[in-house]
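Chain by chain, the residues run as shown.
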Amino acid sequence: MTSTGNMRPGTKGSLNPDCAHSHALLDFAQYMNPQQVRVLKAAGLDIVEGDRSGAWVWDVDGRKFLDCFTSAGSFNIGRRHPRIVAAMHEAVEHLDHGNFLLCSQYKAALAHKLADLAPGGLCCTTFGTGGGEVIDFAIKLARGVTGRSKIISTLNGYHGHTGFALSAAGRDVYKAPFGPLMSEFARVPYGDLDAARAEIDPGTAAVLIEPIQGEGGVVVPPDGYLAGLRQACDESGALLIIDEIQTGFGRTGRWFACEHWGVVPDIMTVAKSLGGSLVAISAAIYTDQLREFLIPNPFIHLSTFGGSDLACAIALETLSVIEDEDLVKRSMHLGERLRGGLEVLADSRPEVFAEVRGLGLMVGIEYRDDSMGPRMSYHLGRHGVLAIYTGNAPSVMRLMPPLVIGEAEIDFLLEALYNAVEDLLNGVGDDEPVRKRPRRRPARQAQIAGGTT
Ligand SMILES: Cc1ncc(COP(=O)(O)O)c(C=O)c1O
């Protein structure tokens, strides 16, 4: 029996604002993973999300944070955008998941829309629920089409934790206990065209690449890299798979990041923000030439929930919001403002900042050492910003706020960063065994409690 007694998550008792935070952490530690709780606590990230709206999230204690993590780029249009909430209400009046085997009008409409938005001749879609699922599909398609088996990915690359995706992971720590994984996977340093060229051979089915490495530390490739990969693949008959799961839907100031370099892959994977913060949906978008392989095999890859009617309806509305609110341009414009401010700050504190980089509102701050990533998460939390260092490069903090963010919020973020750096340098909070619990705001708290019980 846990110290939470018989209160279960979702019951009125466990959502009492006075104990929701500690109960959630206790239950999480007891029934999920205590080390996750310890690691998050150490970085001041033992935040239990309560209410969320637009660019902001409140924890169950009523603390307000500017969400600059957005679940690694899953909330491009903000959290619970009013149009998406309305579309969800409307959809549940009529829809459910739908029957995966039948020809759904919602799947068809979304596939059509994705074909309109995707670059070049990418015009056919297979849906999934999560990112890893469509990476798996993309690799299957590449192997099926080419009859070859070798897949080349990059060191520090990240494509999810499912079978083929895990085999392509750029960090051994994720894979070591689970071998043997899929065979014929090779990895090369990101951004090194010669290394990729040397690895591509007549047995290569595909090169799998993020147009900007996300988990790897917001690494923007050198100009010519993606185009060089495209050319090398063409010369050897291999396919190019570009993983836009983090970078897609306006995040970098283009609909898809590969458009910065004018490169069109054979297969492009998307997920995360397509779901408008309310549903799980992913897609692999590919050429009709590749689709030839699937035409005689329409049931060779299936997913019960992939591209459910409900999710497709929400995704369609999400794409309309991005268009109607001109969020792709907004990302470019606000990204420049953010990076400009960060560069001034970085110049003034060279002992803390090594580099600021990124495109649009996908921004990475590289600190001088690995420990500064978690410590800055901690200090930023104290100044009302939720920002998290990247999984494969802890010295790099990723800032990926919603694209609906305003100029005032960019300025708020810059000020929080300034204050967080001062606290870091002055050792503020270093002696706190557990971060201070903030005072709750009664009105906000009542709203949260009312909305969740
Ligand atoms: C670039 C990239 N590819 C794939 C994935 C895996 O997506 P999911 O966690 O939905 O399986 C992620 C997740 O963060 C990602 O950032």
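Residues numbered from 1 in each chain as written. Predicted model: local features only at pLDDT ≥ 70, side-chain atom pairs only at ≥ 80, totals over all residues.

1. A closer look at helix α1 (residues 20-31)
Item 1. With 12 residues, α1 should cover 16 Å at 1.5 Å per step; its first-to-last C-alpha distance of 16 Å lies within 8% of that length.
Item 2. The set of residues buried in α1 consists of A20, H23 and A24. Projected down its long axis, α1 carries its buried residues within an arc of 100°, all on one side. (Helix = DSSP H or I, 4+ residues; strand = E, 2+ residues; numbered from the N terminus. Expected span 1.5 Å × (residues − 1). Buried ≥ 20, exposed ≤ 12 C-beta atoms within 10 Å, placed from the backbone. Arc of directions from axis to C-beta.)

2. Some remarks on the sheet that holds strand β2 (residues 56-59)
Item 1. With respect to topology, four strands assemble into an open sheet ordered β1-β2-β3-β13, the strand pairing being mixed. Two strands in the sheet have a free side with no partner beyond their single neighbour: β1 (49-53) and β13 (385-386).
Item 2. Here two bridges tie strand β3 (residues 64-67) to β13, and the two strands are oriented parallel to one another. By the bridge assignment, D67 is partnered in β13 with L386. (Pairing = 2+ DSSP bridges.)

3. Quick word on the environment of I267
Item 1. Positionally, I267 belongs in strand β9 (residues 267-270).
Item 2. Given 27 C-beta atoms within 10 Å, I267 falls into the buried group.
Item 3. Between the C-alpha atom of I267 and that of T125, which follows or precedes it by 142 residues, the distance is 9.5 Å.
Item 4. With sequence-adjacent residues up to four places away left out, I267 is seen in contact with A138, L141, A142, L239, I241, A284, Y286 and L290. (Contact = placed C-beta atoms within 7 Å.)

4. Describing the nonpolar core
One broad trend across soluble globular proteins is that nonpolar side chains are buried collectively.
Item 1. If you look at the biggest cluster of nonpolar residues, it comprises 122 residues, and the most contacted ones within it are A206 and V207.
Item 2. Viewed by domain, this core spans two of them, domain 1 (53-77 + 326-409 + 420-447) and domain 2 (83-324), each represented by three or more residues.
Item 3. Here V207 is in contact with I152, A196, I200, L229, C233, A238, L240 and I241, once residues within four sequence places are set aside. (Core = buried A, V, L, I, M, F, W, Y, C linked by C-beta atoms within 7 Å. Domains from an automatic or database assignment.)

5. Observations concerning the pairing of β3
The side chains of a regular strand alternate, residue by residue, between the two faces of the sheet.
Item 1. One ladder, built from three bridges, connects β2 with β3; its direction is antiparallel. Directly across from W58, in β3, lies its bridge partner K64.
Item 2. The antiparallel pairing of β2 with β3 creates a hairpin that spans four residues between the two strands, and G62 there sits at a positive phi of about 95°.

6. A closer look at the sheet that holds strand β15 (residues 393-399)
Item 1. Across the sheet, four strands lie side by side as β11-β12-β15-β14; this open sheet has antiparallel pairing. Where the open sheet ends on each side, the last strands, each with one partner, are β11 (353-359) and β14 (388-390). Looking at each pair of strands side by side, their axes are set apart by 35° on average, direction ignored.
Item 2. Bridging between strand β12 (residues 362-367) and β15 involves four bridges; their strand directions are antiparallel. (Axes fitted to C-alpha atoms, helices over the stretch in contact; angles between N-to-C directions.)

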